[in-house]
Amino acid sequence: MTLVKSLAARGIGAFWSIFVIPKLAYDVIRHPLAFFGAKKRENRPNCLDDPELGTHGFIRIEGMRYHYVANGPEDKPLMLLVHGFPECWYSWRYQLKEFKKDYRVVAIDNRGYGETDKPPNVSDYQMSYLVGDIEKLVNAFGYKSCILVGHDWGAAIAWAVASKFPSIVDKLIIMNVPHGKAFAKHLATSRSQFLKSWYIFLFQLPWLAEWLIWANDYKAFDSMMRWYHNAVSKDDIEALKYSISQSGSDDIHTSSQNTCRCAHTKFEKLYYADCIDEGKGLISFLVLGLILQS
């Protein structure tokens, strides 16, 4: 069943690649040096070490080293911030400063991102591991529970944490990701949403998604962040580029993409357990939705 779902996901991803590959080929032909000109940033942007954001730290749990930035008194309640794709702890720079008076605010680099360890295999990024990371980190920081805040893929992780480990979540704050039940129902009835979720399938393909991020010296970051107009500065974008360019170009890209590539494995059992019958996964549900819409 897992093999069938994986092949189905990659098959749909291959379909979407028909629209992506010509654009990449055009960019290569037009500006080959620029396309392959991604740089590994040697100079760390100063904004990443702004003392007002907090203190950098590392913690090792069961062989995995996690990077985090913490701000606020240690005797205050824990507010744990989980970022999305393809970002890092720095996405929470405003929250680290805003809530430091009332909380011990901790922004982590997720598994596979930034300065946190990057296991080599796709299977290392199953949702069960991502959820387990959060549960272990809460305990490692010396707390029994936290206010859990998630954005984008981090929000999906936060939903799953609240489902599997409800006792460690005092409050759950979700940004821009609906609960799995609502999301699955909408996908099954909305052709528009199904088409907007094209990247979930495209990311199942090896290398292609990495190239989309890596091409033209991470130009994708400029394109994504222009939606926010003046809220994101050039220094902020450079900080994100620096984060994803570290630890070897191919490895770092692949590790962050692998969180998405596991969307058809353990993710569906944790996140969609209450909205999909046993044995039917997220990819199967998406394919069914497409058929119903046709």
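Everything numeric here is computed off the predicted structure, so don't read it as measured data.

Cut-offs and rules
- Residues numbered from 1 in each chain as written.
- Predicted model: local features only at pLDDT ≥ 70, side-chain atom pairs only at ≥ 80, totals over all residues.
- Heavy atoms only, no water.
- Phe/Tyr/Trp six-rings, centres within 6.5 Å; stacked < 30°, edge-to-face > 60°.
- Buried < 20%, exposed > 50% of the residue type's maximum accessible area, 1.4 Å probe, protein only.
- Core = buried A, V, L, I, M, F, W, Y, C linked by side-chain atoms within 4.5 Å.
- Helix = DSSP H or I, 4+ residues; strand = E, 2+ residues; numbered from the N terminus.
- Contact = heavy atoms within 4.5 Å.
- pLDDT = per-residue confidence, 0-100.
- Axes fitted to C-alpha atoms, helices over the stretch in contact; angles between N-to-C directions.
- Parallel < 35°, antiparallel > 145°, perpendicular 65-115°, else oblique.
- Left-handed = near helix turned anticlockwise from the far one by under 90°.

### Notes on the packing of aromatic side chains
1) Next: Scanning the model with the defined rule gives 3 aromatic pairs in all.
2) Next: Both rings, one in tryptophan 89 and one in tyrosine 90, keep their centres 5.6 Å apart while their planes meet at 90°; by these two values the pair is edge-to-face.
3) Next: Accessibility expressed as a relative area gives 4% for tyrosine 90, which makes it buried.
4) Next: Ring centres of phenylalanine 99 and tyrosine 103 lie 6.4 Å apart, and the angle between their planes is 70°; this geometry places the pair in the edge-to-face category.

### Side note on the nonpolar core
1) Next: Leu81, Trp89, Tyr90, Leu96, Ile213 and Phe221 are the most contacted members of the largest nonpolar core, which has 42 residues in total.
2) Next: Going through the elements one at a time, helix H1 (2-30), strand E3 (78-82), strand E4 (104-108), strand E5 (146-151), helix H8 (198-202), helix H9 (208-225) and helix H10 (234-245) are the ones with two or more residues in this core.
3) Next: When residues in this core are grouped by element, the largest group, 9 residues, is from H9.
4) Next: With residues up to four places along the chain from it excluded, the contact list for tyrosine 90 reads Cys47, Leu48, Leu53, Asp236 and Ala239.

### So, the confidence of the model for the protein chain
Detailed conclusions should not be drawn from predicted coordinates in areas where pLDDT is low.
1) Next: Per-residue confidence for the protein chain averages 80 on the pLDDT scale, and 79% of its residues sit at or above 70.
2) Next: Counted against residues more than four places away or in other chains, residues 248-252, with its pLDDT under 50, gives 10 contacts.

### Notes on the packing of H9 against H10
1) Next: Contact geometry of H9 with H10 gives a least axis separation of 10 Å together with a crossing angle of 140°. Relative to H10, the element H9 is oriented oblique. Where H9 crosses over H10, the handedness of that crossing is right-handed. Side by side, H9 and H10 meet where Ile213, Asp217, Tyr218, Phe221, Asp222 and Met225 of the first sit next to Ile237, Leu240, Lys241, Ile244 and Ser245 of the second.

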